[in-house]
Amino acid sequence: MRILYITDALAVWGGIERVLRDKMNYLVEHYGFDVHVVTTDQGPHPIPYPLNERVKVHDLDIRFHHQYRYSGLKRILTYLKLQRLFKQRLKALIDEVKPDVMVCIRIESVNSIISVKGDIPLLCESHSMYYAFFYEKASFWYRLRFWWARKNLRKADCIVALTEGDANDWRRSHPNVKVIPNVVHLNDTGRYGSLQAKKVIFVGRFSSQKDFGSMIDIWKIVHLRHPDWELHAYGEGEQKKRFQKEIEETDVNITLHNPTPDIFEKYLESSILVMTSRYEPFGLVLPEAMSCGLPVVAFNCPYGPADIINDGVDGFLIEKRDKEKFAERIFQLIESTDLRHRIGSAAVKSVLRYQADEIMPKWKGLFNQFSEQ
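A brief structural summary. (Residues numbered from 1 in each chain as written. Predicted model: local features only at pLDDT ≥ 70, side-chain atom pairs only at ≥ 80, totals over all residues. Heavy atoms only, no water.)

### A closer look at the pattern of salt bridges
One pass over the full model with this rule turns up 22 salt bridges. Here R63 makes a salt bridge to D59, at a shortest N to O gap of 3.6 Å. Residue class for R63 comes out buried when judged on its relative accessible area of 19%. You can call D59 partly exposed: its relative accessible area is 32%. In this structure, D211 and R321 form a salt bridge, with 2.6 Å as the shortest nitrogen-oxygen distance. Of the two residues, D211 sits in the loop between β8 (199-203) and α6 (212-225) while R321 sits in the loop between β13 (316-318) and α11 (323-334), which places them 110 residues apart along the sequence. (Salt bridge = Lys/Arg side-chain N within 4 Å of Asp/Glu carboxyl O. Buried < 20%, exposed > 50% of the residue type's maximum accessible area, 1.4 Å probe, protein only. Helix = DSSP H or I, 4+ residues; strand = E, 2+ residues; numbered from the N terminus.)

If you want it as structure tokens, here you go:
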């Protein structure tokens, strides 16, 4: 079977990029599928996550980001010009590859894909959630584009959501919605965290979605009672400089790091993982850390954490974005080594449901269903 994935780029150390890599590698290594991935903005950037050599990469060299050099009418005209170029080059590639099924990773591209795909089935992955823009202070232009993409998704053959909550939202506008959680690259080191280090870890972009500002507020509370514990945050993002300045002014034990390819080593060096996201289509770092034996604490935001964490068993969910309660759960874990180990041991077993051997047969079944139509 020949599968064509369509995305913007594979150029950053991101969750979507890592999951897509894992799925494509699995399809060629375990099922012998002929897998292609087409990007619009890869350019000369290296691919950070290693791909199997049998996965064929095609870059259309569109450079959608060039539109942001301009404002107003010129930006709109540039965007429309780039969309025309995208459709022309994508149509030529589809005619060359002749895929049995196509998969759209970024829903912003769906309208252009639909206009050139012909009769080839199109599946769309929901990595941004149906209601994502309600949680952001997004511009009118962004909201308009997201609304238009969501409207055109009705023409896709199937939407694949990561959680039941997001799937139920998509069912408001599409008759065929499936739930397939992310494949998670689980800990394969053969080691688990000792949970003795006085370190808490945060992993994610410094953006409004991840709300690291709330984590700083929580850590100020923790620091008053346990000043010898450290918070280490790994990521990049537009708010990083602002957070760095705030940390320096408050003098708490928080260190900001750049993203690292050795994130599992950082999990293993830590004793607790924390997540303060305002919304999460899935929340990949939760099962990653849990597979290392770490207890996790997260706000119960829409929708990912509640699908992953069984509160009080393999982690803690905090309702109503209660920072005091969040800090209290951290206190419990800091002050009880036995609790850390009990929660962490349960977490290791719990996340086995996200390993590739559990998730990828669901994708294979979906591909077979549509390729046989």
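### A word on the sheet that holds strand β6 (residues 158-161)
The 7 strands are arranged β3-β2-β1-β4-β5-β6-β7 in an open sheet whose pairing can be described as parallel. Where the open sheet ends on each side, the last strands, each with one partner, are β3 (56-59) and β7 (177-179). The mean angle between the axes of side-by-side strands here comes to 25°, regardless of whether they run parallel or antiparallel. The sheet contact formed by strand β1 (residues 2-7) and strand β4 (residues 101-104) spans 4 bridges and is parallel. Of the residues in β4, the one forming a bridge with I3 is V101. (Pairing = 2+ DSSP bridges. Axes fitted to C-alpha atoms, helices over the stretch in contact; angles between N-to-C directions.)

### Considerations on the packing of α6 against α11
Look at α6 against α11: their axes get within 9 Å of each other, and the N-to-C directions meet at 50°. Judged by the angle between their axes, α6 and α11 are oblique. For the crossing formed where α6 meets α11, the hand is right-handed. In contact with S214, M215, D217, I218, I221, V222 and R225 of α6, α11 contributes K323, E324, F326, A327, E328, I330, F331 and I334. For the contact of α6 with α11, a count of residues per class yields 9 nonpolar, 1 polar and 5 charged. (Parallel < 35°, antiparallel > 145°, perpendicular 65-115°, else oblique. Left-handed = near helix turned anticlockwise from the far one by under 90°. Contact = heavy atoms within 4.5 Å. Nonpolar A, V, L, I, M, F, W, Y, C, P; charged D, E, K, R; others polar.)

By themselves, these are just geometric observations and shouldn't be taken as functional.
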